[in-house]
Amino acid sequence: MSFNLKTFLLFALLTPLMILTAFGQGVLVNETKIAIVLPRPDIPRIPRPPRPPRIIERVESTYAIKSLEINANINGQIADVNVSQTFVNTGKTQMEVSFVFPLPYDGAINSMTLLVNGKEFNAKLLDAKEARKTYEDIVRRNQDPALLEWIGNGMFKTSVFPIPAGESRVVNLKYSQLLKVDGGLTDFLFPMSTAKYTAKPIEKLEISLNVETPDEIKNIYSPTHEIKIKRPTSKKATVIYDAKDTVPTSDFRLFFDSGKNEVSTRLISFRPNPKEDGYFMLLASPKFIASNQKQIAKNVLLVLDSSGSMSGQKIVQARDALKFVLNNLHQEDTFNIIQYNNNATKFKDEIQPAKKDIIDEATNYADSIRASGGTNIGDALSSSLAMIQDGKTPNYVLFLTDGCPTVGETNELKLNDLSKSANKNGARIFAFGVGYDVNSRLLDRIARSNRGQTEYVKPEESIEDHVSRMYNRINSPVLTDVTFTLALKDEKQTYATNRVYPSDKFDLFAGEQLVIVGRYSKAGEIAINVEGKVGEETKKFTFDGNFVENSSDQSSAFISRLWAIRRIGEILDQIDLKGQNKELVEELVGLSTTYGILTPYTSFLADENVSLTAVKDNTARTISNTADLKVADGGYGFEQRRGKLNYQNAQNFDKFDASNSGSLRDTEKSKKYSMGEAKSSMAPPAASPNANSSGGFRAYSRPDSSGNSKELNSRELNSSTQEFAVQNVNNRAFFQKAGVWVDSTLTESQMKPENVIVVKQFSKEYFNLIEKYKHELAPFLTLDGPQIVNVNGQAYKFEPL
């Protein structure tokens, strides 16, 4: 799961007596020094070695954030934000508290009002310099590093107000902000990660943003969260994010732009080291098309498995899925239905226009389909693809099956070759694998070879939901056979990009937000060349962009992380479809280590007994683990491919946060893999085990020698000793080894005891280093417990007092 927000309560240290009685438990007080740490969810954590006694003992505060609601109206570059939070005193005595809100970076706050249960409270707006002293004072006093990540930012802090035991207070915060614009993209940031300081998960988290621009809204994208977007008009959009029983781990961020062009592109680049390749993200979005506007004609073939294994509820849902597509065809479209069991059977011999009388007849035909016989995938592919005679019209094949081929050609590679040879007019094949009996690797091959995509439907899921979701996405093509090139504006028009995803030709659909990520080797001004087709007409567009030479801050660091997630998906796909490759496996281990993105094949890296610098051993173990991709069918194969696709198609890192990746452990009898429900098992263990989503990972054990397999839920997996063993801070991964958080960028040489400088937490030297390196160091010190951090090539170990 994930969540967002950066507002929280800080206990006002009034008198030692008040603190002692407020918490009803003994604390060691060094005369007037009393340390109170922010609350953390009461959930199992990794067993840690006992800490040495502190000069100042800490006590954990006892409040919970019950709900968080963020509503904002964004008009151009101005955001009017209204925040409502409900805090509950979960302790037994009254708390005296103040409210602290770290200000979003690069945003000019011109007004701010705070109400507590409807009563306005005095508050002070502190700039970054003033706020720094307050942040440091709180960290020193409480010996809690939580606020260090916000050193360098301004602060809004209220006067003290009470919350009686067991009661709640609703805090309303209103402010206006001038948003940052960079490279044509407006950047909205809401600091939410402080909401992780709560005694319990937040019951309700809601974000609603109304965006309005003078020109047509083009790109609208969040790199941090999976958002829902509604676009009532071309110049207005509503962005929604909601979650329940969640603990936020990152801030909420949204990019958007506007313009008048048929296609809009925006480029963001990130290059932390000028001696290495940089990272870029290209956002692309087509012109808004209203529902009453004329659509580009497309051809849709609905190919349905009607073999005996589809009997019962599956065939009912499949028929409903067919009827959904039929009822949503545009009048310009054409279509046909092909059902297959032992042989393929067509609704009509030729492709039909989407006229009402023919749609009605096709609906009756769909209702007549019954399940029986075997599964002739080869005949279904050749019969359907042979019907497509026009390569100028966008052609889409929705191919659905619940099993392996049993009739006709059954060889996986030959069936894939058949799909490629029969597809003479560039149709895109979207394959739907229903249930655990499918040959999932075959479907991946076919979709990959024919510029399509695979969807996997679990037995308890609705076929119609998956088909309708996919069809709604591809319903209105705007630009087809699209290619992008990014060339430096030099004499040679040098192409300086590599490992770009997606890399093949693609289609742009109305309402779709395309996100392309890649690497670049040379910096400078570039020309973004876009070419595609509108019907038979070829269209070309050129946009300006820039690859930075060296990034001055981490504000665009998310690009490298998103690229790494997709690169991992590409590596797994190549290993899956083309076989083992040592170089690819080494790269997989390196990416998992550097970014803390654990896969079912590299989850052992979270084991505290595994050295991150033992590259040879870790590669050998990963080679052994990825051999499991040879399993092509059954539940085990199904879950592996479903998980792989989540990496390949990642739009943000919401579900791939290292702290949320719920690592797995090996046993003698089975290897437990997590692949499926992002918002249940990819979330912190505080999340609801019943949460549901379309991506991420869930547990699935490999069948044992008797053919039995046991599916484990996220709670069972996350109860392993590896829970919380990986955290991602400011785009850097930290692994917990023997109770110490270890920076994944450290080398074996840097980790040698004689090369490590030891610093006591909260000491004078500790704060001097923070003053010297500021935001280059401070965010990494927020982890609870001792850490070893790489600071400009020097390893520092920060130990408790």
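Scroll up to find the structure.
### Comments concerning the overall build of the chain
In terms of regular secondary structure, the chain is built from 15 helices and 42 strands. Counting all 801 residues of the chain, 59% fall into the buried class. Sequence-distant contacts, at least 24 apart, represent 75% of the contacts inside the chain between residues at least 6 apart. Approximately 32000 Å² of the chain is accessible, and the part contributed by carbon and sulfur atoms is 47%.

### Concerning helix 4 (residues 356–368)
In this model, helix 4 (13 residues) spans 19 Å end to end at C-alpha, consistent with the 18 Å of a helix rising 1.5 Å per residue. Looking only at helix 4, the buried set comprises Ile-358, Ile-359, Ala-362, Thr-363, Tyr-365 and Ala-366. All buried residues of helix 4 fall inside an arc of 160 degrees around its axis, so they share one side. Across from the buried face of helix 4, at angles greater than 90 degrees, the exposed residues are Lys-356, Asp-357 and Asn-364. On its buried face, helix 4 sits against helix 3 (313–327), strand 23 (334–340), strand 24 (344–346) and strand 25 (352–353).

### Thoughts on the pattern of salt bridges
Tallied over the entire structure, the rule returns 39 salt bridges. Residue Lys-180 pairs with Asp-187 through a salt bridge whose shortest N-O separation is 3.8 Å. Residue classification places Asp-187 among the buried positions, given a relative accessible area of 6%. A salt bridge links Glu-587 to Arg-499; its shortest N-O distance comes to 3.5 Å. One end of the pair, Glu-587, is in helix 10 (residues 582–595); the other, Arg-499, is in strand 30 (residues 497–501), and 88 residues separate them in sequence. If you follow the salt bridges from partner to partner, you end up with Asp-444, Arg-448, Glu-570, Asp-573, Asp-576, Arg-641 and Lys-644 in one network.

### Some points on the pairing of strand 22 (residues 299–305)
Where a strand is regular, its side chains alternate between the two sheet faces. With respect to burial, strand 22 is a largely interior element, seven of its seven residues being buried. Along strand 22, one buried face is formed by Asn-299, Leu-301, Val-303 and Asp-305 and the opposite face, lined by Val-300, Leu-302 and Leu-304, is buried too. Relative to strand 23, strand 22 runs parallel, the two being bridged by seven bridges. Among the inter-strand pairings, Asp-305 is bridged to a residue of strand 23, identified as Tyr-340.

### Description of the packing of helix 7 (residues 440–449) against helix 12 (residues 634–648)
Where helix 7 contacts helix 12, the two axes come as close as 8 Å, and the packing angle between them is 35 degrees. Touching Ser-440, Arg-441, Asp-444 and Arg-448 of helix 7 are Gly-637, Phe-638, Arg-641, Lys-644, Leu-645 and Gln-648, all from helix 12. Partitioned by chemical class, the residues of the contact of helix 7 with helix 12 number two nonpolar, three polar and five charged.

### Focus: the packing of aromatic side chains
Applying the stated rule across the entire model yields 17 aromatic pairs. Considering the side-chain rings of Phe-484 and Phe-506, the 5.6 Å spacing of their centres and the 20 degrees angle between planes classify their relative orientation as stacked. Remark: Phe-506 occurs in strand 31 (residues 506–509) and Phe-484 occurs in strand 29 (residues 477–488); sequence separation between them is 22 residues. Under the relative-accessibility criterion, Phe-506 is labelled buried at 9%. Centroid distance Tyr-766 to Phe-798: 5.9 Å. Interplanar angle 80 degrees. Geometry classified as edge-to-face. Here the residue Tyr-766 occupies a position in helix 15 (residues 764–773), and Phe-798 occupies one in strand 42 (residues 794–799), the gap between them amounting to 32 residues. Of the two residues, Tyr-766 and Phe-798, both sit in the buried class. It is Arg-519 that lies over the ring of Trp-563; its NZ or CZ is 4.9 Å from the centre.

### Focus on unusual backbone geometry
For the bond running from Tyr-501 to Pro-502, omega is 0 degrees, close enough to zero to count as cis. Inspection of the secondary structure puts Pro-502 in the loop between strand 30 and strand 31. Despite not being glycine, Arg-499 shows a phi value in the positive range, around 45 degrees. Although it is not a glycine, Phe-762 sits at a positive phi angle of roughly 70 degrees. Tracing the backbone shows Phe-762 in the loop between strand 40 (756–760) and helix 15.

### Looking at the nonpolar core
Ile-70, Val-81, Phe-188, Phe-190, Phe-252 and Leu-254 are the most contacted members of the largest nonpolar core, which totals 45 residues. It is strand 4 (residues 63–75) that contributes the most residues to this core, six residues altogether. Setting aside residues up to four positions removed in sequence, Val-81 forms contacts with Ile-70, Asn-71, Ala-72, Leu-173, Lys-174, Tyr-175, Phe-188 and Phe-190.

### Thoughts on the side chain of Thr-401
Looking at the element boundaries, Thr-401 is found in strand 26 (residues 395–401). Setting aside its immediate chain neighbours within four residues, Thr-401 contacts Asp-305, Tyr-340, Thr-375, Ile-377, Phe-432, Gly-433, Val-434, Val-438 and Leu-443.

### Re the packing of helix 9 (residues 558–578) against helix 10
Remark: helix 9 packs on helix 10, axes separated minimally by 10 Å, with the N-to-C direction vectors making an angle of 150 degrees. As summarised for this structure, helix 9 and helix 10 are arranged roughly antiparallel, according to the angle between their axes. Crossing angle aside, the handedness with which helix 9 passes helix 10 is left-handed. Across the interface between the two elements, Ser-560, Arg-561, Trp-563, Ala-564, Arg-567, Ile-568, Ile-571, Leu-572, Gln-574 and Ile-575 of helix 9 pack against Leu-584, Val-585, Glu-587, Leu-588, Leu-591, Ser-592 and Tyr-595 of helix 10. Partitioning the contact of helix 9 with helix 10 into residue classes produces eleven nonpolar, three polar and three charged.

Definitions and limits used
Residues numbered from 1 in each chain as written. Predicted model: local features only at pLDDT ≥ 70, side-chain atom pairs only at ≥ 80, totals over all residues. Heavy atoms only, no water. Helix = DSSP H or I, 4+ residues; strand = E, 2+ residues; numbered from the N terminus. Buried < 20%, exposed > 50% of the residue type's maximum accessible area, 1.4 Å probe, protein only. Contact = heavy atoms within 4.5 Å. Areas by Shrake-Rupley, 256 points an atom, 1.4 Å probe, with all protein chains shown as cover. Expected span 1.5 Å × (residues − 1). Arc of directions from axis to C-beta. Salt bridge = Lys/Arg side-chain N within 4 Å of Asp/Glu carboxyl O. Pairing = 2+ DSSP bridges. Axes fitted to C-alpha atoms, helices over the stretch in contact; angles between N-to-C directions. Nonpolar A, V, L, I, M, F, W, Y, C, P; charged D, E, K, R; others polar. Phe/Tyr/Trp six-rings, centres within 6.5 Å; stacked < 30°, edge-to-face > 60°. Lys NZ or Arg CZ within 6 Å of the ring centre and 35° of its normal. Core = buried A, V, L, I, M, F, W, Y, C linked by side-chain atoms within 4.5 Å. Parallel < 35°, antiparallel > 145°, perpendicular 65-115°, else oblique. Left-handed = near helix turned anticlockwise from the far one by under 90°.

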